[in-house]
Amino acid sequence: MTITQSSLSSRVLFLSLAPMLVLTLILGFYFTSTKLDDSRNALIDKGTELTRLLSAASVFGIFSGNVNELNPLSTQLLKDPMISDVIFLDVDKNVVFRTEDQELPIDLLTEEFTIIDDYWYFLQPVRVGPIQFSDNPEYAIADTQREIIGWVILLVSAKPMIKRQNHIILGSLQIIMIGFVITLMLAKFFGRRITEPIIGLTEVIKRLQRGELNARARNSATLELNMLSSGINQLAANVQLSRREAELRIEKATKALSRSLHDIETTNLELIKAREKADDANHAKDAFLARMSHELRTPLTSVIGFTQMLKLNNRPEETQNYLRIIDQTSQTLLTIIDDILDFTRLESDVMRLEKISFSPSELFYKALEMQAPTAHGKGLELIYNPINALPPYLKGDPTRIRQIITNLVSNAIKFTEQGEVIISPYYDHKNGGALKISIRDTGIGISEEYKQSLFSSFTQADSSISRRFGGSGLGLAIVNRLVNLMQGSICVESNEGIGSEFIVNLPIQTHVYRDELLEMLPISVAIYDPHPKVSSALHSQLQNVTDYSKEFTSIKDLLKSKKSFNCIVLGFPPKLTNDRLLQMSLRQIRHKYKSIKLIFMVPSDRKFSVRDKNTQLLSKPVSPSKLYSALGFRNIQYTEENQIIPRLHTPLDILVAEDNKYNRLLINRMLTEAGATVRNAETGLEVIEKVKDCTPDLIMMDINMPDMDGIQASKLLKKTHPGLEIIALTANISPREREALNATGIFKVLLKPINIDKLSDLLNSALAKKDSRLPKIEIRFTETRQLTTISELKNELIDQINEIEACMKTRSFKQIDKNLHQLKGFSGIFEKPEIEHSAASLSDAIKSDDIKTIWKAYYRLKRVVDLEEA
Amino acid sequence: MNGYVRLKVSLKSFFMTLCILLVLCLSIIKSYAAVSVVLSEHTQTYLNVVSAMEQNSDHPVQVYAISDQTQSLASSQLFIAIGARACQSVLAAIQSHQSLFCTFLPSQAYELILQTTQASLRLSQEHLSALFLDQPLERQIHLARLIQPDAEFLGTLLGPNSHHLKPHFDAYSRKHHFTPISARLSESDNPVQELTPIIEQSDVFLSLPDNALFNRSATRWSLYIALRNKVPLIGFSASYVDAGAVIGLYSTPTQIGRQTGEVLDYFMKHKHLPPPSFPNYFSLSVNRSAARTLQINLPEIDEMLDALKTSK
């Protein structure tokens with residue numbers, strides 16, 4: 001039995017016993033005392049009554065003094081064992097008659113009864129009174145007239161009463177004990193009847209708690225416990241049923257879940273397959289795009305390259321014309337291909353914008369320079385007219401911004417037959433900064449209905465436009481997508497037959513940098529251009545940096561001017577075809593100004609020359625830096641071949657990781673020319689070793705290297721040197737490779753062939769990171785082959801082809817890969833698409849394992865290299 | 001005009017008639033107020049007397065208690081005092097032109113009142129009379145004979161207020177062929193001692209109502225000793241019979257009231273009262289248990305009543 005159970009039984013027992021016991025005791029005591037009192041009272045009553053009766057009976061005997069009348073009374077009473085004596089007294093309390101002779105304390109007997117020792121003395125007067133004639137009040141007599149004629153005393157012994165009382169007490173105690181025992185037994189019995197069912201119910205509950213839901217409580221005789229057990233049974237049954245139902249439901253649900261999981265797994269597998277397929281498709285697409293980019297551009301590049309080479313040689317005019325057409329159409333085709341590839345990249349959402357600092361004014365001039373020959377070829381003036389002073393540097397993707405400008409300007413030039421194309425940039429410093437560009441032309445204009453689908457892909461105004469002007473119809477679509485990618489906006493205002501204006505708004509922040517302050521030149525400059533806007537733009541550029549500048553509306557006016565000038569800037573119309581006007585203008589001016597500096601701004605689509613040592617020819621549109629340099633600003637060096645080679649004010653320690661010798665050589669020369677301290681490594685492992693020796697400011701890491709590639713090496717380096725600046729070098733990058741690079745923490749990629757401007761930006765970024773106070777440098781190389789000699793190139797080609805030949809002879813085809821990699825590398829840098837293509841063909845042939853194909857590809861490569869050597 | 005006069009005359013006549021009637025009523029009321037009944041106690045016994053009286057008389061009476069009697073003193077012609085106390089009270093206050101009839105009281109009480117109240121001297125016999133409660137002596141002795149035809153000795157106890165009856169007792173006893181035995185109980189005598197020999201000698205014991213004896217419990221001793229000696233005792237009330245007397249001769253309040261009503265009528269008719277008398281109407285009560293104990297065969301009560309009425 002547990003403590004709880006015993007407590008319940010004990011409690012029930014106690015609760016039953018205690019009150020009953022108390023009650024028994026109380027009642028026993030009460031009844032005992034009552035009985036004792038009753039016994040005493042009975043004695044008193046009996047004594048009193050007997051004495052009264054005796055008094056009444058003894059009236060005659062006492063009144064008459066006749067003892068014989070009294071004796072029988074006494075005798076009768078003495079028969080009662082309680083009565084010890086009967087005493088008759090007269091009115092003076094003298095004994096008239098008594099049977100015993102013990103002492104009688106008459107004086108003490110004053111009450112109706114007195115207890116003296118163990119005797120009770122009952123005293124009553126003997127009165128005599130007349131008969132009450134109640135039927136007639138005339139015969140009635142007052143009670144007070146009853147006179148006392150004597151006394152009677154009844155002597156009663158207390159011993160029998162005491163004995164009786166003892167009997168009563170004993171009897172009561174016995175009854176109490178019996179009552180107690182009966183109470184105990186009853187309490188136990190009834191307690192058990194209550195606790196046993198409760199214990200039973202408790203057991204049932206425990207079993208139910210253990211999970212034995214088939215446990216049931218027995219019925220009880222007690223109504224409430226019976227209801228409780230019925231309730232518990234019902235509850236257990238319900239729980240059992242619910243559990244069974246729940247189990248069934250769970251089973252069902254589990255089965256359904258298993259089926260669902262199986263379905264999901266199947267679907268997942270299918271999705272994985274589909275995803276793999278999609279990834280494969282994406283890879284294929286990326287590879288396709290890259291290959292297409294390469295495959296399409298490479299032949300075209302060859303065509304363009306060879307065409308230009310042919311043009312250099314003296315050919316008959318007709319041939320020159322044909323070559324010009326070939327060149328133009330090739331360029332056009334190249335443009336179309338680039339558009340399609342760019343559009344595809346944009347549609348695939350794989351294009352990522354860069355955020356590097358760039359000079360907006362230089363960006364505009366570069367874009368215009370590229371379009372200038374086409375514009376000037378059509379006789380159109382290409383005018384750069386900034387509305388306000390642009391910030392010296394902005395932070396964005398210059399490549400894509402240039403693409404936007406190029407597309408819009410080329411579009412404007414395409415659809416303009418005469419007049420001009422004006423580019424008017426404006427920088428709004430409010431709300432974080434925005435670059436607004438307006439490109440206005442005097443072309444055919446755009447109809448209202450076409451404006452709606454202006455930025456849709458593959459759409460031109462109508463088929464006649466396509467026939468007249470050609471083009472893929474992707475230019476504006478690409479512009480629109482690029483603008484949207486930059487979270488900008490573009491709109492167009494146009495009037496058919498009058499012209500169009502495209503306004504682009506790009507949110508671009510300024511890049512805080514130390515402004516390059518141009519010194520003021522203490523010169524006075526005269527400006528003339530037949531196009532007043534060109535003249536005005538030139539004037540705007542020069543008026544703040546020269547002592548005095550003035551624009552003239554004609555050479556005549558200029559020569560008439562009394563003001564003496566140090567320099568004359570003369571612009572010539574785009575339709576200028578030969579040097580005759582130049583010569584004429586030169587003569588005119590030299591007539592007055594014998595030796596002042598002359599700067600002639602000529603169209604860029606053809607070559608001009610003048611025989612004057614103080615005359616400099618600049619192609620339109622002329623960038624401010626070119627102009628400043630021509631005018632004589634010291635901190636800008638400008639060579640004859642439009643080369644500016646700035647130098648780093650503080651040397652950067654740059655580690656170049658490139659396994660290709662020529663690429664390494666080229667980059668080395670670039671960086672050395674820029675004033676950087678360059679270290680080299682050919683593998684990823686070597687990079688890690690060299691970084692351990694000394695942490696460089698910058699690493700230029702080729703992705704594809706033997707032993708450990710660039711991505712792996714970068715991963716390891718980023719762990720130990722998380723702040724180390726690493727720029728990836730690659731000829732081609734797919735989105736996946738870019739993702740892999742981003743994952744390692746490399747976000748800057750320099751594509752081969754190396755873009756000097758980009759390299760410049762990256763170096764400036766590294767400089768700024770090293771010390772933000774350092775001035776920015778500008779590396780401008782337009783001709784990479786200037787960094788290496790032809791003989792070096794030839795020697796490298798010979799070396800590589802000899803090694804390949806040796807491997808071919810020994811059938812060590814696998815070893816050829818290294819050489820092919822080298823060949824592909826520098827042929828890419830030096831823009832030798834034919835060598836690059838042939839090397840790629842040999843590489844593919846080796847993979848095919850077909851001897852004939854291999855030899856065929858080898859011979860082709862050898863032919864191309866021999867041609868180059870020649 | 002004539003109609004108005006006629007109306008006036010009619011109204012006058014009507015009012016006069018009304019006044020006459022009123023006076024008559026008042027007279028009647030006054031005449032009705034001429035008899036005043038005064039009760040010794042306003043209890044049922046006395047009211048029974050009044051009730052029986054009213055039933056036996058055509059004349060209305062005004063009933064008063066002793067405390068209220070003064071209201072009727074000025075106008076009452078006749079006073080009927082019921083009980084000794086009422087008699088004494090009215091007699092003390094009554095005027096000489098007024099009459100008083102005392103009823104429902106013992107003859108001894110009446111005699112005592114007459115002796116003690118000076119007013120009784122003012123009133124003549126025609127204006128002062130009584131009807132006694134107790135029975136005439138001869139009737140009681142006659143009864144003794146009726147119950148014990150063979151009895152020789154007739155015993156009685158005379159007290160201070162009844163001792164004057166001894167010659168009458170002796171005479172009537174002899175008339176009914178009894179030998180009279182009597183004792184006189186004074187204040188200092190022990191009633192038991194006096195009674196015991198009388199009763200032991202008597203064949204019949206006659207208990208006479210004497211106030212003085214009442215105080216001495218003579219009635220009780222008489223009864224006790226008579227029972228012990230198996231002597232039949234003739235009581236004077238029903239209570240006595242209940243106490244143990246073999247037979248009791250008495251008049252009930254109703255019987256007294258009835259006779260009082262007759263007296264009233266007599267008075268109203270004759271304008272004077274008849275002389276004091278004992279009751280004409282009486283009753284007998286028997287204790288059969290006592291009779292059995294005494295082994296007495298008593299005649300039927302009606303027989304005894306007839307016999308007693310006949311012998312008036």
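Note that the structure is a prediction, hence the values are computed from the model and not measured. (Residues numbered from 1 in each chain as written. Chains lettered and ligands numbered in written order. Predicted model: local features only at pLDDT ≥ 70, side-chain atom pairs only at ≥ 80, totals over all residues. Heavy atoms only, no water.)

So, about the sheet that holds strand β7 (residues 179-184) of chain B. Residue and element names in this part refer to chain B. Read from one edge to the other, the open sheet built from six strands follows the order β7-β6-β8-β9-β10-β11, with strand pairing classed as mixed. Looking along the sheet, the strands with just one partner apiece sit at the ends: β7 and β11 (283-286). Mean inter-strand twist for the sheet, computed between neighbouring axes without regard to direction, equals 25°. Where strand β8 (residues 204-206) lies against strand β9 (residues 233-235), two bridges are found, and the strand directions are parallel. The partner of L206 across the bridge, within β9, is I234. (Pairing = 2+ DSSP bridges. Helix = DSSP H or I, 4+ residues; strand = E, 2+ residues; numbered from the N terminus. Axes fitted to C-alpha atoms, helices over the stretch in contact; angles between N-to-C directions.)

Below, the discussion takes up the sheet that holds strand β10 (residues 434-441) of chain A. Residues and elements named next belong to chain A. Spatially, the five strands line up as an open sheet ordered β7-β9-β10-β12-β11, and their pairing is mixed. Each edge of the open sheet is held by one strand with a lone partner, namely β7 (381-384) and β11 (489-495). Across the sheet, the mean angle from the axis of one strand to that of its neighbour is 10°, orientation sign disregarded. For β11 and strand β12 (residues 499-506), the ladder comprises seven bridges, and the chain directions are antiparallel. Residue pairing in the sheet places E493 in a bridge with E501 of β12. Its contacts with the sheet place helix α7 (residues 360-377) against β7, β9 (420-428) and β10, and it is angled at close to 170° to β7. Across the face of the sheet, helix α12 (residues 532-542) comes into contact with β7, β9 and β10 while running at roughly 30° to β7. (Contact = heavy atoms within 4.5 Å.)

What follows concerns the UniProt feature "transmembrane region" (unreviewed entry) in chain A. Residue and element names in this part refer to chain A. On the UniProt side, "transmembrane region" (unreviewed entry) is annotated at positions that read residues 12-31 and 168-190 here. Helix makes up 100% of residues 12-31 and strand 0%, whereas the separation of the span's terminal C-alpha atoms amounts to 28 Å. The span residues 168-190 is 100% helix and 0% strand, and its two end C-alpha atoms sit 31 Å from each other. (UniProt positions renumbered as here; feature names shortened; annotations may be inferred.)

This brings us to a nonpolar patch on the surface. Residue and element names in this part refer to chain A. On the surface, I178, I182, L186, F189 and F190 cluster together to form a nonpolar patch covering roughly 460 Å² of accessible area. By the secondary structure assignment, F189 is in helix α4 (residues 159-210). We classify F189 as partly exposed; its relative accessible area is 42%. (Patch = residues over 30% accessible without salt bridge, like charges linked within 9 Å, V, L, I, M, F, W, Y side chains within 5 Å. Areas by Shrake-Rupley, 256 points an atom, 1.4 Å probe, with all protein chains shown as cover. Salt bridge = Lys/Arg side-chain N within 4 Å of Asp/Glu carboxyl O. Buried < 20%, exposed > 50% of the residue type's maximum accessible area, 1.4 Å probe, protein only.)

The next subject is the state of the cysteines. All names here are of chain B. In this structure the tally under the stated criterion is one disulfide over all chains. Here C87 is linked by a disulfide to C102, with a sulfur-sulfur distance of 1.9 Å. One quick way to see it: the torsion about the S-S bond of C87 and C102 is about 80°, and its sign makes the bridge right-handed. Pair noted here: C87 is in helix α4 (residues 84-93) and C102 is in strand β4 (residues 99-105), with a separation of 15 residues, a long-range link. (Disulfide = S-S within 2.5 Å.)

All names here are of chain B. Most of strand β1 (residues 35-39) is tucked away, with five of its five residues classed as buried. Side-chain alternation along β1 places V35, V37 and L39 on one buried face and S36 and V38 on a second face that is also buried. Pairing of β1 with strand β3 (residues 78-82), which is carried by five bridges, proceeds in the parallel orientation. The residue of β3 that forms the bridge with L39 is I82. Summarising the sheet, β1 and strand β2 (residues 62-65) pair through four bridges and their orientation is parallel.

For the rest of this paragraph, the subject is a negative patch on the surface. All names here are of chain B. Residues E300, D302, E303 and D306 make up a contiguous surface patch of negative charge. Relative to the helices and strands, D306 resides in helix α14 (residues 301-310). You can call D306 partly exposed: its relative accessible area is 47%. (Lys, Arg positive; Asp, Glu negative; His and termini not counted. Charge placed at Lys NZ, Arg CZ, Asp CG, Glu CD.)

Below, the discussion takes up the side chain of B:H176. Residue and element names in this part refer to chain B. With respect to the helices, strands and loops of the structure, H176 is situated in the loop between α7 (166-175) and β7. The class for H176 is buried, based on a relative accessible area of 12%. Setting aside anything within four residues of it in sequence, one finds H176 in contact with E138, I141, H142 and R145.

Attention shifts here to empty space enclosed by the protein. Residue and element names in this part refer to chain A. The final tally for this structure, using the stated rule, is three cavities of 30 Å³ or more. Looking at the largest cavity, its volume works out to about 120 Å³. Residue assignment for the lining of the largest cavity shows that the elements contributing at least two residues are β7 and α12. Counting the residues that make up the lining of the largest cavity, at least three belong to each of domain 2 (352-510) and domain 3 (521-631). (1 Å grid on protein atoms, 1.4 Å probe; cavity = no way out; pocket = protein on both sides within 12 Å on 5 of 7 lines; lining within 4 Å. Points joined across faces, edges and corners; volume = space filled by probe spheres on them. Domains from an automatic or database assignment.)

Let us now look at the packing of aromatic side chains. Counted by the stated rule, this structure contains 22 aromatic pairs over all chains. Consider the rings of A:F572 and A:F600, whose centres lie 5.0 Å apart with planes at 70°: the pair is edge-to-face. Of this pair, A:F572 sits in the loop between β16 (567-571) and α14 (580-592) while A:F600 sits in strand β17 (residues 597-602); the two residues are 28 residues apart in sequence, bridging distant segments of the chain. Here the two residues A:F572 and A:F600 agree in accessibility, since each one is buried. Consider the rings of A:W855 and A:Y858, whose centres lie 5.7 Å apart with planes at 80°: the pair is edge-to-face. Here A:W855 and its partner A:Y858 are both found in helix α24 (residues 851-869), three residues apart, which amounts to about one turn of the helix. Put simply, the rings of A:F60, B:W221 and B:Y224 pair up and form one aromatic cluster. Just above the ring of A:W151 sits the side chain of A:K93; from NZ or CZ to the centre is 4.7 Å. Lying over the aromatic face of B:Y281, B:R258 brings its terminal NZ or CZ to 3.8 Å of the ring centre. (Phe/Tyr/Trp six-rings, centres within 6.5 Å; stacked < 30°, edge-to-face > 60°. Lys NZ or Arg CZ within 6 Å of the ring centre and 35° of its normal.)

Residue A:P621 follows A:K620 across a cis peptide bond; omega there is -10°. Note on placement: A:P621 falls in the loop between β18 (615-619) and α15 (624-631). At A:K93, a residue that is not glycine, the phi angle is positive and equals roughly 70°. Here A:K93 lies in the loop between β1 (83-90) and β2 (95-98). Phi at B:H177 takes a positive value of approximately 65°, unusual for a residue other than glycine. Examined against the element boundaries, B:H177 turns out to sit in the loop between α7 and β7.

Our focus in this paragraph is the interface of chain A and chain B. Contact with chain A, which involves 19 residues of that partner, is made by 30 residues of chain B. Between chain A and chain B lies a buried interface of about 2,100 Å² when both sides are counted; carbon and sulfur atoms form 60% of it. Scanning the region where chain A abuts chain B turns up one salt bridge. Here B:R228 and A:E69 are joined by a salt bridge, their closest N and O atoms 2.7 Å apart. (Buried area = accessible area lost by both parts, 1.4 Å probe.)

Attention now moves to α7(B). Residue and element names in this part refer to chain B. Taken together, the buried positions of α7 are occupied by F169, D170 and S173. All buried residues of α7 fall inside an arc of 95° around its axis, so they share one side. Looking at the buried residues of α7, the elements they touch are α6 (137-147), β6 (153-158), β7 and β8. (Arc of directions from axis to C-beta.)

Residue and element names in this part refer to chain A. For the pair helix α8 (residues 398-414) and helix α11 (residues 475-485), interaxial distance at closest approach is 9 Å and the crossing angle is 145°. Relative to α11, α8 is oriented so that their crossing is left-handed. Side by side, α8 and α11 meet where R400, Q403, I404, N407, L408 and N411 of the first sit next to G475, L476, I478, V479, L482 and V483 of the second. Here the residues of the contact of α8 with α11 sort into seven nonpolar, four polar and one charged. (Left-handed = near helix turned anticlockwise from the far one by under 90°. Nonpolar A, V, L, I, M, F, W, Y, C, P; charged D, E, K, R; others polar.)

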